[in-house]
Amino acid sequence: MTDVPFIAPDTPDALPVHALTADQTQAFLDERGGAVAAWAGVQAFKGQAGRVLVVPGADGRPERALFGLGDGTDPMVWGWLGARLPAGDWRIALPPAGADPTLILTAFGLGTYQFTRYRTKEPLGARLVPPPGADVATAARIVAGVSFGRDLVNAPPNDMGPDALEAAALAVAADTGARVEVIRGADLISQNYPLIHAVGKASAEDPRLVILRGGRAGGPKVALVGKGVTFDSGGRNIKPGSSMALMKKDMGGAACVLTLFRLLSEAGLDAELTAYVSIVENAISGPAMRPGDIYPTRKGLTVEIDNTDAEGRLILADALTRASEDGNELVIDMATLTGAARVALGPDLPPFYTGDETLAGQILAASAATGEPVWRMPLWSPYRDDLDSPVADMKNSGSAFAGSVTAALFLQRFVDAPSWVHFDVFCWTPKDRAGRPQGGDVHAVRLLERMLRDRYGVTG
Ligand code: BES
Ligand code: MN
Ligand code: ZN
């Protein structure tokens, strides 16, 4: 595995990293004494979470490093190590008992991510000898997958429009041997996806539904449904500049779904896996939908456009209907659906919604195992009447209250499957976090990869 950029071969050249919780640090330094203790004192190294202190040798070159684990509770803290160690090969002198070595290696790799497509930048260049017991192939697979997803989100909207996002989906299909169905432009009308068409018809690049089919044919059917708005101007209900600035990331749900599809295909998930990716640009031009427009839906309900900026739920609705028709037993949708989710929980904690208690438990267990946080929020049915319209079966946005909840309730109307979960993901890291450098990200992907592998297993 020497071809993985963040993994070092197991040779004696790798320099030691002493990983220390805040509680362990003083005793370690007292016992060690000498230059290491003096240097740590001068630099006020106290085992602070994520702190990397390189200790130089007599020749001025790094001899070892100290790494702070803080209170020792964050399994992702190792991400800081990948981001902050100088270039070179390193080994963890004594990996903490009880820590998952695969997760240590994965977090380290995730921390080394950089988006370099548009600027020349020296790669960070730190590599880690896999800690004993680490599943190196799994760590490498997860890091490569997440990096692929981050690249999709980080790509600028002029290079990641509907054509390019479709091409990215087709590349995933080619890599994984998936079968592909694409319904594009006017075909969305003739094949009855009116909402995907309505949202995307104002763009120079056609709206489309891209469907990838993989996994084991005949296995339990699992659907991944993604919001792929390559740029969200808000439409005629145009966003102010400050809100529009980041809207290249509005295809984050599609990036999550494509990443998951790739990871699960590589793992050989023992289920029939279908990705339904709704791809549009929410643009402004003559044909753009208007507030007050009423559209039919694949499901047969009519929807009044209350706000053209509530477009994500529209393109998901037709895709969710299709996923339900296809007989999927589990439907998972992922979307950068509301600003309200971020107001409620901030950028690092995506809410999820499901009425399936067993599934919720599986998700939370996988969240704990992967160090990827999510928070369950309620499908609070009394708020359903927020979406009542005087002229249509429903409207696409409600009151100013509980925006993430009412968006989930909107989606729920279009799902007819034994089990469904919706993730309102943010897909952006405003400031560096452990294992998550500032910029685009895919959320809840590592935990869903784990959850689905645990739930369905993998083929031999
Ligand atoms: N893509 C946005 C949601 C969004 C905004 C996600 C900011 C992350 C950060 C979505 O299409 C949208 O505009 N939602 C509106 C809905 C409203 C008009 C009912 C929102 O959240 O304000
Ligand atoms: Mn919008
Ligand atoms: Zn949007």
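As a reminder, the structure under discussion sits directly above these lines.
Please read all numbers here as calculations on a predicted model, not as lab measurements. Along each chain, numbering runs from 1 in the same order as the chain's sequence is written. Chains carry letters from A onward and ligands carry numbers from 1 onward, assigned in written order. Under the rules for a predicted model, residues below a pLDDT of 70 receive no local features and side-chain atom pairs below 80 are neither given nor counted, while totals for whole chains, interfaces and linings still include all residues. Calculated side-chain values reflect all of the structure's heavy atoms, with hydrogen atoms and water omitted.

Caption draft 1: Representation of the packing of aromatic side chains within the structure. A pair of Phe, Tyr and Trp rings is counted when the ring centres sit within 6.5 Å of each other, with Trp represented by its six-membered ring. The angle between the planes then sorts it: under 30 degrees is stacked, over 60 is edge-to-face, the rest tilted. Enumeration according to the criterion identifies five aromatic pairs in this entry. On the basis of an interplanar angle of 45 degrees and a centroid distance of 5.5 Å, the ring pair of Phe67 and Trp78 is categorised as tilted. Here Phe67 is found in strand β3 (residues 62–70), whereas its partner Trp78 is found in helix α3 (residues 78–84), with eleven residues between them in sequence. Here Phe67 and Trp78 have matching classes, each one buried. Centroid distance Phe115 to Tyr118: 5.9 Å. Interplanar angle 40 degrees. Geometry classified as tilted. Sitting over the ring of Trp80, Arg84 keeps its end group 3.8 Å from the ring centre. In this structure, Arg298 packs its charged tip against the face of Tyr193, placed 4.2 Å from the ring centre. Here a strand is any run of E in DSSP of at least two residues, a helix any run of H or I of at least four, and the numbering for each starts at the N terminus. We call a residue buried when its accessible area falls under 20% of the maximum for its residue type, exposed when it is over 50%, and partly exposed in between, using a 1.4 Å probe and counting protein chains only. Consider the ring centre and the ring normal. A charge sits over the ring if Lys NZ or Arg CZ is within 6 Å of that centre and within 35 degrees of that normal.

Caption draft 2: Geometry of the site of ligand 1. Taken together, 17 residues surround ligand 1, and among them Lys239, Asp250, Asp309, Glu311 and Gly339 come closest. Within the contact set of ligand 1, an oxygen atom lies 3.2 Å away from a side-chain nitrogen or oxygen of Lys227. The contact in question runs from an oxygen atom of ligand 1 to an N or O atom on the side chain of Glu311, over 2.8 Å. When the free accessible area of ligand 1 is taken as 520 Å², the share hidden by the protein chains comes to 81%. A per-class count over the shell around ligand 1 returns four nonpolar, five polar and eight charged. Distances are taken per atom, and a residue is near a molecule or strand as soon as one of its heavy atoms is within 4 Å of it. We define a polar contact as two N or O atoms separated by no more than 3.5 Å, with the added condition that, inside protein, one atom must be a possible hydrogen donor and the other a possible acceptor, whereas residues neighbouring each other in sequence contribute only through side-chain atom pairs. Only the protein chains shown count as cover for residues, with accessible areas throughout obtained via the Shrake-Rupley method and a probe of 1.4 Å. For this classification, Asp, Glu, Lys and Arg are treated as charged, while Ala, Val, Leu, Ile, Met, Phe, Trp, Tyr, Cys and Pro are nonpolar and the rest, including Gly, are polar.

Caption draft 3: Seen up close, the pattern of salt bridges. A pair is scored as a salt bridge if a Lys or Arg side-chain nitrogen falls within 4 Å of a carboxyl oxygen belonging to Asp or Glu. This model, assessed by the stated rule, comprises 26 salt bridges. Ionic pairing is found between Asp59 and Arg61, a salt bridge with its closest N-O pair at 3.7 Å. Accessibility assignment for this pair places Asp59 and Arg61 in one class, exposed. Here Lys239 ties to Asp232 by a salt bridge, and the two come within 3.8 Å at their closest N and O atoms. The exposure class of Lys239 is buried, given its relative accessible area of 15%.

Caption draft 4: Expanded view of the environment of Pro378. Within the secondary structure layout, Pro378 lies in the loop between β14 (375–376) and β15 (394–395). For Pro378, a relative accessible area of 44% corresponds to the partly exposed category. Distance in space between the C-alpha atoms of Pro378 and Thr354 is 7.7 Å, their sequence separation being 24 residues. Here, two residues are considered to be in contact whenever any of their heavy atoms come within 4.5 Å of each other. Among residues more than four places away in sequence, those in contact with Pro378 are Tyr353 and Val405.

Caption draft 5: Here's a closer look at the coordination of the manganese ion (ligand 2). Taken together, Asp232 (OD), Asp309 (O), Asp309 (OD) and Glu311 (OE) make up the protein donors of the manganese ion (ligand 2), found 2.0 to 2.2 Å from the metal. For Na, K and Ca the donor cutoff is 3.2 Å, while for all other metals N, O and S atoms count as donors only within 2.8 Å; water does not appear among the atoms, so some sites may look incomplete. Just to be clear on the cut-offs, tetrahedral is four donors with all angles between 85 and 135 degrees, square planar is four donors and octahedral six with opposite donors over 155 degrees apart and all others between 65 and 115, and anything else goes down as irregular. Metal-centred angles of 73 to 170 degrees between the six donor atoms at the manganese ion (ligand 2) mark the site as irregular. Summarised as a motif, the one-chain spacing of the donors to the manganese ion (ligand 2) is D-x76-D-x1-E. In this structure, the manganese ion (ligand 2) lies 3.2 Å from the zinc ion (ligand 3), and both are coordinated by Asp232.

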